[in-house]
Amino acid sequence: MSRVTLETLPDYARHLIAAAERAAAYNPVVRKIRLPRLELTAHLGPGVLADALGHALVETRDDQPETSSCRIFIVHPGIPGIPEPAKWGDAHFTEHGFAKRLAETGLRGHHFHDLDFWQFYDPQRRVGVQLMASTDAFPPWEPGAPLRAFLHWEYAARGMRLAHAGTLGANGKGVLLAGAGGAGKSGTVAAGLLNGLDSVGDDYVLIDLANGVSASPLFSTLKQDPQGFSRLGLTHRLPAHGPLNWQGKHTFHIADIAPQPVPATLDIVALVVPHIGGGGASSIMPVSRRDAMIALAPSGIAQMPGERESGFRFFSDLTRLLPCYRLSLGTQPQEIAGTIADFLARGAS
């Protein structure tokens with residue numbers, strides 16, 4: 001199938017999943033990763049993505065039970081039975097129309113035009129395929145949060161959600177940090193970790209609303225631009241930090257700077273929206289639920305393919321369950337961490 005249209009899209013998805021399953025023996029690398037209530041098995045070849053699966057995901061501890069498993073096949077032409085990626089054949093492409101057509105047949109998927117990069121997932125069978133034009137033909141953000149779309153679809157089917165947010169906590173209690181790029185969210189997470197606080201992740205964390213609001217870790221990746229990297233004192237602490245990523249940022253991992261292991265979960269007691277303040281000291285003040293929703297939901301919806309309607313409902317429920325605050329950031333990492341630690345010690349209200 002050289003061109004795919006909305007009409008043929010479900011057939012193409014099922015064809016690729018079946019082809020990838022048949023070709024499983026030709027993928028020399030099998031990674032089994034234990035995540036919250038899930039064992040993910042990835043079949044792929046050696047290279048950047050295989051390395052990323054080894055260090056960019058936070059594995060759960062042995063005492064945490066799994067409730068299900070899923071399999072993802074990362075394939076490309078050159079593997080026997082795997083075709084060249086198809087082109088999009090309709091005149092117009094919209095993410096919403098693409099997702100709606102697949103959902104009508106019980107499937108999920110995503111297409112990145114620039115690279116003819118396809119991802120399809122069958123949530124009933126819990127099996128998916130990622131088809132690339134070659135072993136390294138993936139979007140530049142993929143190694144930082146590998147297989148993010150598949151985890152989004154799997155957890156969404158269970159009523160949970162990947163949120164584009166950071167976290168900081170202490171003694172099992174934590175805050176969810178939400179905001180657009182440049183708001184200071186990632187720097188706040190790194191400052192907290194360097195000064196004794198816990199985190200279950202920056203950028204993407206797993207949120208469950210079943211019993212209050214809890215956040216669990218999926219990805220260990222942290223990012224900082226060179227200015228923030230220097231301000232946090234990481235230039236000397238992490239001298240072998242490697243080249244800048246596609247956003248012009250340094251990438252590193254929670255374990256590189258945290259004095260203690262990543263906790264299995266944090267009970268979230270507040271939604272906090274950081275912004276770069278004008279003063280030397282940090283402060284935390286109440287903010288409207290509307291403003292908190294605007295800070296949290298749009299990027300979480302836009303960066304997670306499909307599940308739009310359920311996503312807005314989920315984030316609306318989350319902001320109703322939590323008190324919401326604005327964090328005006330000071331200039332010193334230790335002072336920022338202390339402000340959050342004091343806030344947690346007092347208890348959100």
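Residues numbered from 1 in each chain as written. Predicted model: local features only at pLDDT ≥ 70, side-chain atom pairs only at ≥ 80, totals over all residues. Heavy atoms only, no water.

1. Digging into the overall build of the protein chain
And then number 1: From N to C terminus, the protein chain includes 11 helices and 18 strands.
And then number 2: Radius of gyration (C-alpha) of the protein chain: 20 Å, near the 20 Å computed for a compact globule of 349 residues.
And then number 3: In terms of overall dimensions, the protein chain has C-alpha extents of about 60 × 45 × 40 Å along its principal axes.
And then number 4: Burial analysis of the protein chain (349 residues in total) assigns 54% to the buried set.
And then number 5: Pairs at least 24 apart in sequence give 73% of the contacts found in the protein chain among residues at least 6 apart.
And then number 6: A total of about 15,000 Å² of accessible surface is found on the protein chain, and carbon and sulfur atoms cover 52% of it.
And then number 7: Of the charged side chains in the protein chain, 31 are positive and 32 negative; the average position of the first set lies 4 Å away from that of the second. (Helix = DSSP H or I, 4+ residues; strand = E, 2+ residues; numbered from the N terminus. Rg over C-alpha atoms; globule rule 2.2 N^0.38 Å. Buried < 20%, exposed > 50% of the residue type's maximum accessible area, 1.4 Å probe, protein only. Contact = heavy atoms within 4.5 Å. Areas by Shrake-Rupley, 256 points an atom, 1.4 Å probe, with all protein chains shown as cover. Lys, Arg positive; Asp, Glu negative; His and termini not counted. Charge placed at Lys NZ, Arg CZ, Asp CG, Glu CD.)

2. Thoughts on the packing of aromatic side chains
And then number 1: Overall, the coordinates contain 16 aromatic pairs when judged by the stated rule.
And then number 2: Residues tryptophan 88 and phenylalanine 98 carry aromatic rings whose centres are separated by 5.8 Å and whose planes lie at 50° to one another, so their mutual orientation is tilted. Within this pair, whereas tryptophan 88 is found in strand 5 (residues 87–88), its partner phenylalanine 98 is found in helix 3 (residues 95–103), the two being separated by 10 residues in sequence. The exposure classification of tryptophan 88 matches that of phenylalanine 98, with both residues buried. (Phe/Tyr/Trp six-rings, centres within 6.5 Å; stacked < 30°, edge-to-face > 60°.)

3. A closer look at the packing of helix 5 (residues 185–194) against helix 11 (residues 333–346)
Pairs of packed helices are described in terms of their axes, by the angle between the two and the distance that separates them.
And then number 1: Interaxial distance between helix 5 and helix 11 falls to 8 Å at its minimum, and their mutual angle equals 85°. For the element pair helix 5 / helix 11, the angle class is roughly perpendicular. Residues Thr188, Ala191 and Gly192 of helix 5 form the contact with helix 11, whose own contacting residues are Pro333, Ile336, Ala337 and Ile340.
And then number 2: Residue composition of the contact of helix 5 with helix 11, grouped by class: five nonpolar, two polar and no charged. (Axes fitted to C-alpha atoms, helices over the stretch in contact; angles between N-to-C directions. Parallel < 35°, antiparallel > 145°, perpendicular 65-115°, else oblique. Nonpolar A, V, L, I, M, F, W, Y, C, P; charged D, E, K, R; others polar.)

4. Looking at the pairing of strand 10 (residues 166–170)
And then number 1: Counting buried residues along strand 10, four of its five residues qualify, which places the element largely inside the surrounding structure.
And then number 2: Bridging between strand 10 and strand 11 (residues 173–177) involves five bridges; their strand directions are antiparallel. The residue of strand 11 that forms the bridge with glycine 169 is glycine 174.
And then number 3: Turn length for the strand 10-strand 11 hairpin, with the two strands adjacent in sequence and antiparallel, is two residues, and the turn residue asparagine 171 shows positive phi of about 55°. (Pairing = 2+ DSSP bridges.)

5. Structural notes on the pairing of strand 14 (residues 221–224)
And then number 1: Of the two faces of strand 14, the one lined by Thr221 and Lys223 and the one lined by Leu222 and Gln224 are each fully buried.
And then number 2: Looking at chain direction, strand 14 and strand 15 (residues 250–253) are connected through four bridges and run antiparallel. In the sheet register, leucine 222 faces strand 15, and the bridge partner there is phenylalanine 252.

6. Describing the packing of helix 1 (residues 9–22) against helix 3
And then number 1: Where helix 1 contacts helix 3, the two axes come as close as 9 Å, and the packing angle between them is 70°. By the criterion of interaxial angle, the relationship of helix 1 to helix 3 is roughly perpendicular. Note on packing geometry: the crossing formed by helix 1 with helix 3 is right-handed. For the pair helix 1 and helix 3, the contacting residues are Leu9, Pro10 and Ala13 in the first and Phe98, Arg101 and Leu102 in the second.
And then number 2: A breakdown of the residues in the contact of helix 1 with helix 3 according to their chemical character gives five nonpolar, no polar and one charged. (Left-handed = near helix turned anticlockwise from the far one by under 90°.)

7. Comments concerning the sheet that holds strand 8 (residues 127–131)
And then number 1: Across the sheet, which stays open at both edges, the six strands sit in the order 2-3-4-8-7-6 with mixed pairing between neighbours. Edge positions in the open sheet fall to strand 2 (29–35) and strand 6 (108–112), since each of these has one partner strand only. Neighbouring strand axes in the sheet, compared pairwise and without regard to direction, differ in orientation by 10° on average.
And then number 2: Relative to strand 8, strand 4 (residues 69–75) runs parallel, the two being bridged by five bridges. Residue isoleucine 72 lies in a different strand from strand 8, and its bridge partner there is glycine 128.

8. As for unusual backbone geometry
And then number 1: The backbone of aspartate 203 shows a phi angle near 85°, a positive value even though the residue is not glycine.
And then number 2: On the secondary structure map, aspartate 203 appears in the loop between helix 5 and strand 12 (205–208).
And then number 3: Judged by its relative accessible area of 11%, aspartate 203 falls in the buried class.
And then number 4: Even without glycine at this site, glutamate 307 takes up a positive phi of about 60°.
And then number 5: Among the structural elements, glutamate 307 can be located in the loop between helix 9 (289–302) and helix 10 (308–321).

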